[in-house]
Amino acid sequence: MSTRPFLLPALSAVAALAAGCDVETSRTVRLERTSQDGAGKGVLKVVDALQCPQTQGALTRKGSATAGGTVCSYVGPRGTEVSLHLVALDGGSPAAALKAFEERLSGDLPQAVAGLEQAAAEAERDVARAEAQAGEAAARAEAAASSGERASVRAPGMAIDAAGDDATVRLPGLHIETRGDQASVRIGGFHIDADDGSGSVDIQGGEDGDNVSIRARNDSAEIRASAAGEATRASWILTDNRPSAEGWRLVGYEARGPVGGPIVVATVRSRDRERGRAFEDAKDLVTLNVGE
């Protein structure tokens, strides 16, 4: 079976991420490369208490700030829930603080978590199989070459070799290898692995020290981005086409903060799988408090 249905949306996602644009893949996962390496951005502020306006875009605040001005709650269209948190690190790492948010939010989409964990387990099991397939592919390619079945094209800056279901394409900044129903793509700073058999796509990479990671399997996707530098600039989104028992289809956060903290984290729960305005409004709340 061809890996084309996986490669096309993956390559589209990477192209948009590299260009700083939005893209909606054929899996209806909306991606945005937030180039947050700090270039051209101001110094993030140290915050003692949250600023919580009554409204922010389509969001409306529920009550007043709680926990000494460290938590504000908002509601949005279709029951979207946004919470703004001021998190003191107290010597801990931003990664540990954000991991706790991820664990709590992931509990709202158990099917997505289970699917992505299964894909990761299958990927580990496939390592040995891939190594064996690589050896078999090399033997087939050698046999094809000796019988004249191997196709090879050479031009300045380009090399293409194909034998049966296996192919290798090398272009400036682009390297693609396919082996049966598996494919590996390197484009710019990104590395894409697609497996048609397990229905999964993994994208890793970034530019200028930024990090972007995208995992997708059937109905679910997980997207995370983090910036270079010591300050915290990070986002994470988990989506599922299948609504949870409470109707949630998307959870995630936007987090920023200076070195040493505190960090400001806006969490989002939505019944709409598309990020929509609510996520942008949540980001605007973070910007209002700590800056870009």
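As shown above, the structure is provided for reference.
Quick look at the structure, then.

In this structure, the second largest pocket encloses a volume near 230 Å³. Elements that contribute at least two residues to the lining of the second largest pocket include exactly helix 2 (94–106), strand 14 (211–217), strand 15 (220–226) and strand 16 (232–240). When grouped by side-chain class, the residues that make up the lining of the second largest pocket number 9 nonpolar, 7 polar and 3 charged.

The subject of this paragraph is the packing of aromatic side chains. On inspection of all chains with the given rule, the structure shows 1 aromatic pair. For the cation-ring pair, Arg 104 lies above Phe 101, with the distance from its terminal atom to the ring centre recorded as 4.7 Å. Here the basic side chain of Arg 271 rests over the ring of Trp 248, its NZ or CZ set 4.0 Å away from the ring centre.

Attention now moves to the pairing of strand 17 (residues 250–257). Taken across its 8 residues, strand 17 has 8 buried, putting it largely inside the fold. As paired elements, strand 16 and strand 17 share 8 bridges and run antiparallel to each other. Directly across from Thr 232, in strand 17, lies its bridge partner Gly 257. The pairing of strand 17 with strand 18 (residues 263–270) spans 7 bridges and is classified as antiparallel. Of the residues in strand 18, the one forming a bridge with Glu 254 is Ala 266.

Its 13 residues give helix 2 an end-to-end C-alpha distance of 18 Å, which sits within 8% of 18 Å, the value for a rise of 1.5 Å per residue. Those residues of helix 2 lying buried are Ala 97, Leu 98, Phe 101, Glu 102, Leu 105 and Ser 106. Looking straight down helix 2, one finds its buried side chains confined to an arc of 165°; they lie on one side.

Conventions and cut-offs
- Residues numbered from 1 in each chain as written.
- Predicted model: local features only at pLDDT ≥ 70, side-chain atom pairs only at ≥ 80, totals over all residues.
- Heavy atoms only, no water.
- 1 Å grid on protein atoms, 1.4 Å probe; cavity = no way out; pocket = protein on both sides within 12 Å on 5 of 7 lines; lining within 4 Å.
- Points joined across faces, edges and corners; volume = space filled by probe spheres on them.
- Helix = DSSP H or I, 4+ residues; strand = E, 2+ residues; numbered from the N terminus.
- Nonpolar A, V, L, I, M, F, W, Y, C, P; charged D, E, K, R; others polar.
- Phe/Tyr/Trp six-rings, centres within 6.5 Å; stacked < 30°, edge-to-face > 60°.
- Lys NZ or Arg CZ within 6 Å of the ring centre and 35° of its normal.
- Buried < 20%, exposed > 50% of the residue type's maximum accessible area, 1.4 Å probe, protein only.
- Pairing = 2+ DSSP bridges.
- Expected span 1.5 Å × (residues − 1).
- Arc of directions from axis to C-beta.

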